[in-house]
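Structural features, examined
Here is how the chains run, residue by residue.
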Amino acid sequence: MEGIVIKKIADSFVVKIHNESYVLSPRGNLKKDGIFVGDNVIVNLTTKTIDKLLPRKNLLVRPTTANLSQLIITIAPIPKPDFNVVDKLILFCFAYDINPILCVNKIDIADEEFLNYVKSVYSNVCKIVFVSAKEKKNLEELKSILSGYISALTGQSAVGKSHLLSEIYQNSNVEIGELSKKVARGKNTTRHTELYCLEENTFLADTPGFSRLDERFLPIEYHKLRYYYPDFLPLHEKCKYTSCTHINEPEKECFVKLSVKQGNLDADRYERYKTVYEILKKEQTYAKK
């Protein structure tokens, strides 16, 4: 039978098969090779063992999570968003074949300037959903985005993650109530990833440390970083040189720099790009010595 690993308990794993969960132990080399939350596995319920690990879509090391489909990056007008973290999370998504979703909560208190800024900067980067947990606006759209996938919810404290969870899945499995309580505490005490089943084939990952992802661990060569910025790509095609990194090239030869100067590309996002570029370059150059 096939199931999905939703939790690790000591040397055993909780595997969900349809609507039932089983505590199973890995066979042979699987103990050495490693099994992680999110893995799809073949199990034997008679021997209570995990017999085979199915191919993974991806594996995040920090935090350790397999087969993550989507990352719901939640921001709000209050507290003020940290777009450094937002950009970094989006980069990790693209690097690990995860779909980034920018979820803007508290639109009931957001002014047009804030909403227009988010649209202007990120509409060509990833999907954006604008919601209000308080006024129950556009929650069905967000729920439909989650349906059928393994997703993780991340965002700064006080952006309303627990409120979103409770409103969207108030009639769901009791597990979501436990997850919501964890989020509501404001301090994430999670040490290991765990999947919560929201509905059939729909899981939400409770993970430690998404907000602490370090750009030094990005599996991206610094000179290829430009390819991970979808909003840069149409501009890059107009640069004089195909190898343009948009860093040291003269402005007249770099259409990205020119677009920033003309106000057609957000200057702050470009500065954040340069910062990540320099960090990756320093780290990778040092590693070769």
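Quick note: structure is the one above.
Rules used throughout
Residues numbered from 1 in each chain as written. Predicted model: local features only at pLDDT ≥ 70, side-chain atom pairs only at ≥ 80, totals over all residues. Heavy atoms only, no water. Helix = DSSP H or I, 4+ residues; strand = E, 2+ residues; numbered from the N terminus. Contact = heavy atoms within 4.5 Å. Buried < 20%, exposed > 50% of the residue type's maximum accessible area, 1.4 Å probe, protein only. Polar contact = N/O pair within 3.5 Å; in protein donor to acceptor, adjacent residues only side chain to side chain. Pairing = 2+ DSSP bridges. Axes fitted to C-alpha atoms, helices over the stretch in contact; angles between N-to-C directions.

Describing the environment of Ile 75
Residue placement: Ile 75 occurs in strand E8 (residues 70-75). Taking the C-alpha atoms as reference points, Ile 75 and Gly 160, 85 residues apart in sequence, are found 8.5 Å from one another. Ignoring anything within four residues of it in the chain, the contact list for Ile 75 reads Pro 81, Phe 83, Val 86, Leu 102, Cys 103, Val 104, Asn 105, Phe 114, Val 118 and Val 159.

Concerning the side chain of Ser 12
Position of Ser 12 relative to the elements: it lies in strand E2 (residues 12-17). Classification of Ser 12 as buried rests on a relative accessible area of 18%. Engagement of the side chain of Ser 12 in a polar contact is seen with the side chain of Ser 25, the distance being 3.4 Å. Not counting chain neighbours up to four residues away, the residues in contact with Ser 12 comprise Val 23, Leu 24 and Ser 25.

Notes on the sheet that holds strand E9 (residues 99-104)
Strand order across the open sheet formed by six strands is E10-E9-E8-E11-E13-E12, with mixed pairing between neighbours. For this open sheet the edge positions go to strand E10 (127-130) and strand E12 (194-199), each flanked by a neighbour on one side alone. Here the strands of the sheet are splayed against their neighbours by 30° on average, with no regard to which way each runs. With five bridges connecting them, E12 and strand E13 (residues 202-206) associate as antiparallel partners. Each residue of the ladder has a partner; that of Glu 194, found in E13, is Asp 206. Sitting on the sheet, helix H4 (residues 139-146) touches E8, E9, E10, strand E11 (150-155), E12 and E13, and the angle it makes with E10 is about 140°. Lying over the sheet, helix H5 (residues 161-168) contacts E8, E9, E11 and E13, oriented at roughly 145° with respect to E11.

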